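Here is what each chain is made of, one letter per residue.
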Amino acid sequence: MSGYLESVLVLLAINTILAYAAFLPMVAGQLNLGVAAFVAIGAYSAGYLSNTFSVHPVPGAFAALAMAGFVGWLVAFPILRTRGIYLALATFALNQVVQGAILNMDAVGGASGYPIPEHIGFAVVATFAVGVLALVVLLFHTRFGISVTAVSDDERVADLMGLSVRGLQSAAFTAGAALAGLAGALYAHHFNYVEPQNYGVLFSIYVVLYVLLGGTQTVWGPLLGAAVFTLLPELLRGSAAWRYVIFACLIIAIMALRPQGVVVRKAWFSR
Amino acid sequence: MLEQQLINGLMLGSVYALVAVAFTLAIGVLNFLNFSIPGLFMVAGMLTWFFLRAGLPWPLAALLAVASGGLLSILVERFTYRLMSRSQHFVPLVTSMAFLILFENLALIAWGSDQQRVPLPFETVSWRVGGTVIAVPQLVGLGCAIAAVACLDLLLKRTHIGRGLRTIAEDPETATLLGVPVSRVVPVVFIVGGVFTALSGFLFAVNYQQASPFMGEEVALKGISAMVVGGMGNIWGAILGGLLIGVVETFAIHWLGARGVDIAVYGLLLAILFVRPTGLLGGVVRQQRM
Amino acid sequence: MVLEIRNLSKSFGGLKVIDGLSFGVQAGERLALIGPNGAGKTTVFNLITGVYPADSGSVLLDGHDITRLASRYRIRRGLARTFQNIRLMPHLTVVENVMIAQYARTPGVAAMLQPVGLGRANRWRQEARAALADAGLEAYADEVAGSLPYGVQKRIELVRALLAAPRVLLLDEPAAGLNPAETEALHQALEAIAARGVTLVVVEHDMHFVGRLCPRVVVLNFGQKIAECPTGEIHTDRRVREAYLGAEDYAA
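Owing to the predicted nature of the structure, the values given are computational and were not obtained by experimental measurement.

1. Section: the overall build of chain C
Along its length, chain C carries nine helices and ten strands. Taken against the 2.2 N^0.38 rule, which gives 18 Å for 252 residues, the C-alpha radius of gyration of chain C at 18 Å falls within 12% of a compact globule. Taken along the three principal axes of its C-alpha coordinates, chain C extends 60 × 40 × 35 Å. Evaluated residue by residue, chain C yields a buried proportion of 44% over its 252 residues. Sequence-distant contacts in chain C: of pairs separated by 6 or more residues, those separated by 24 or more amount to 67%.

Now the structure itself:
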């Protein structure tokens, strides 16, 4: 496989994992503008473990997943006391704080960036992506999918119907954080270099936008969104900036014409 | 030395204050977080650089920059609030984010990613007050910010449009029933916000002599923190929040270095959201799901 | 007594909405809770189900004090309800909506992660579809709930509440907004439910409906119990007549 094709497919795999990292909180009604923070936590954790303790990338990726998930779980306690726009703002603030914190961590390079020599190829990344996809598809065939949708639709009644609202919201948020961390670790070990400037709120915004483009009503929407975001620019060539211009116009159009996103279906459970 | 930092902080704060007012108007009246505002800030700042470098007299450059804010804000309004009544309530927020991305990348295409040095359009005059130095242009900027908000305050309290805006802020459906010409009044929120933001962009470019396609992200985004800290939906809260964030940032640079800024400014935002989400002056925001 | 309220009080701001309310319901009974608008009937339901905490007094289910029990546990103990303004989940289909209530029967992480959406013969989905079919709603099973007619949504809410296998069912104005045919169908459905041993507590304004379904009634006004008696006798109670004066026709 050519180097170019390989890096595009790797990006597709990573963006897919990211898509689901944003998707899980969104189904629970949480607009997570802090996705990038958890990606960064995952990337830097994996990088640090690899560089300092020679941890192999695959267990390192799991450790990164756990680390990001743990931070997500901790942060969920105060953040999930907020709702709606306050929650979006809190995740935004978290994103910027984490980015700022990493800028200050000289042990992992600070503003100069952090090289991570240990490399993983397409096969490993793709395996993780397929694994995540399978898990998410399975997850939305359980009560979890309809339960978090219920929580998002009507928290009060979901609670009266016996659901643990806080538990579900926290699970969605934490799982999203964990997946983001995994994506970060895979990125770090494939592209072998990370820097804090990449993990600002605009990164989170891109992810959220392409998930919305694909649609959050089904498990396949995020995958489509990730594919469009990754592949469209490749099809159109042009500079990175033009790709984002087109992406932005796509979003504006979709929100105007079909805000539910491209992939729409009525039910989580079919007949 | 401390006083100088304080003065510097207040001067910077006036930039944040204007942006915060734009944010807070959109939140308070329309209940939406307008992420395109940093984009408008950046466009105004870059246009200021572009026109000043081309030799235009600074009042003309200012006028053009501010006009750009107004015009672009109308464009944003067509695609955000105009469409809000349909189905999903997150549409305006999402579309505004897309506009931010659009403006930033268009600027990158037009002018590249370097930070540009804005030529100073006039001689810097500074006053010495006690042991501190106050740059007059910056003081004028602060004065403009406060004057602009005072006018806005009058507009909101004394005019038909202002009454209409406050009614919409209370309850948009009732506003229509009460005969408020919503489709004519809502653009005012956008235009005022756009003008304030663009003015802020111009002031920043001129006072700090820098402009880049990333200045929206780097500078104006902090206006969100200012808005929340001061109290969402409260324009005087926006002023207070803006000045406070300016001071916090200046002291953070002084004590922690440039890399401590984000932690300080956004850490404060995070803290306020957890501890006192209504902000210092107690904003009122219609609670609504995203 | 399967459900008992003792000296329940609740204030909002300075306003006392429920004032020292006490009454009890026997297992298998059908009790009506009536009173003029604003008497506090829905508030009583909200206190019983734990939407907000009582200021004082207690709520007992099967003799156990549930006054401080978090709301989500009450349905798991067998206490289900329907709502005055229909509260179905607009973004779920009808089947998915009613399946939500099944969780109360087997709560826990393992149950949450059960792949109920997988396979053709999953018993939980079958049960939900069967319950909808019993209620004559199978045609709507895969429709998104938010777009259905009012009367249909009301019936779905009832099916949902039943799928929690409750022992006590609180119904908040189940006949409101229904035409006579729908009201009769509702009556038949509730009779069948009661025949299965489910205790019913019904808030209603339609006194004819109440008279046919509920032998006993508790009358509320301004948050206080002003009468408790067999349904046939309320029109003789002076205080009840005063409370309703000019409001409604309640000839049984």
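Further notes follow.
2. Regarding the overall build of chain A
Along chain A, the regular secondary structure elements total eleven helices and two strands. Traced from its N-terminal end to its C-terminal end, chain A shows the element sequence α-α-α-α-β-α-α-α-α-β-α-α-α. Taking all 271 residues of chain A together, 61% fall into the buried category. The contacts in chain A between residues at least 6 apart in sequence include a share of 81% that link residues at least 24 apart.

3. Structural notes on the interface of chain A and chain C
Between chain A and chain C, the residue contacts involve 23 residues of the former and 32 residues of the latter. Breaking the side of chain A that touches chain C down by element, the ones donating at least two residues are α6 (143–153) and α7 (155–160) of chain A. Take the side of chain A that touches chain C: its biggest share by element is seven residues, from α6 of chain A. Of the residues assigned to the side of chain A that touches chain C, the class counts are eleven nonpolar, six polar and six charged.

4. Observations regarding the interface of chain A and chain B
Taken together, the contact pairs 37 residues of chain A with 36 residues of chain B. Mapped onto the side of chain A that touches chain B, the elements with two or more residues apiece are α4 (84–103), α9 (201–214) and α11 (240–257) of chain A. Looking at the side of chain A that touches chain B element by element, the count peaks at 14 residues for α4 of chain A. A class-by-class count of the residues in the side of chain A that touches chain B yields 28 nonpolar, eight polar and one charged.

5. Quick look at unusual backbone geometry
Residue and element names in this part refer to chain B. For N31, which is not glycine, the phi torsion reads 55° and is therefore positive. Although it is not a glycine, Q209 adopts a positive phi angle of roughly 55°. For Q209, the location among the structural elements is in the loop between α9 (182–208) and β4 (210–211).

6. So, the sheet that holds strand β2 (residues 15–25) of chain C
Residues and elements named next belong to chain C. Spatially, the four strands line up as an open sheet ordered β2-β1-β4-β5, and their pairing is antiparallel. Every interior strand has two partners, whereas the edge strands, β2 and β5 (64–65), have only one. In the sheet, strand β4 (residues 56–61) pairs with β5 via two bridges, with the strands oriented antiparallel. By the bridge assignment for β5, L60 is matched with D65. The sheet strands contacting helix α1 (residues 41–49) are β1 (3–12), β2 and β4, and the helix crosses β2 at an angle near 70°.

7. Describing helix α2 (residues 35–53) of chain A
Residues and elements named next belong to chain A. With 19 residues, α2 should cover 27 Å at 1.5 Å per step; its first-to-last C-alpha distance of 27 Å lies within 8% of that length. Counting buried positions along α2 yields 16 of 19 residues, so the element is predominantly enclosed. Phi for S54, located one or two positions after α2, is positive at around 55°.

8. Quick word on the arrangement of the chains
Inter-chain contacts occur across two pairs of chains; the most extensive set of contacts lies between chains A and B. There is a clear gap between chain B and chain C: no contact, and 12 Å between their nearest C-alpha atoms.

9. As for the nonpolar core
Residues I17, L18, L182, A183 and L209 of chain A together with V98 of chain C are the most contacted members of the largest nonpolar core, which totals 296 residues. Both domain 1 (1–78 + 166–252) and domain 2 (93–164) of chain C contribute no fewer than three residues apiece to this core. Setting aside chain neighbours within four positions, we find L18 of chain A in contact with V35, V39, A180, A183 and V207 of chain A.

10. Observations concerning the domain arrangement of chain C
Residue and element names in this part refer to chain C. Its domain assignment divides chain C into domain 1 (1–78 + 166–252) and domain 2 (93–164). The C-alpha-based centres of domain 1 and domain 2 are spaced at 26 Å. Of the residues lining the interface, ten residues belong to domain 1; the matching set on domain 2 comes to ten residues. Residues that form the side of domain 1 that touches domain 2 fall into these classes: seven nonpolar, one polar and two charged.

11. Focus on the sheet that holds strand β10 (residues 224–230) of chain C
Residue and element names in this part refer to chain C. Here six strands make up an open sheet; going across it, the order is β6-β7-β8-β3-β9-β10 and the pairing mixed. Across the chains shown, the open sheet's two edge strands, defined by having one partner strand only, are β6 (79–81) and β10. Here the average twist between neighbouring strands, direction ignored, is 20°. Sheet analysis places strand β9 (residues 216–221) next to β10, joined by six bridges and oriented antiparallel. Along β10, the bridge assignment pairs V217 with C229. Against the sheet, α1 makes contact with β3 (30–34), β6, β7 (168–172), β8 (199–203) and β9, and its axis sits at roughly 145° relative to β7, the strand it touches most.

About the criteria used
Residues numbered from 1 in each chain as written. Chains lettered and ligands numbered in written order. Predicted model: local features only at pLDDT ≥ 70, side-chain atom pairs only at ≥ 80, totals over all residues. Helix = DSSP H or I, 4+ residues; strand = E, 2+ residues; numbered from the N terminus. Rg over C-alpha atoms; globule rule 2.2 N^0.38 Å. Buried ≥ 20, exposed ≤ 12 C-beta atoms within 10 Å, placed from the backbone. Contact = placed C-beta atoms within 7 Å. Nonpolar A, V, L, I, M, F, W, Y, C, P; charged D, E, K, R; others polar. Pairing = 2+ DSSP bridges. Axes fitted to C-alpha atoms, helices over the stretch in contact; angles between N-to-C directions. Expected span 1.5 Å × (residues − 1). Core = buried A, V, L, I, M, F, W, Y, C linked by C-beta atoms within 7 Å. Domains from an automatic or database assignment.

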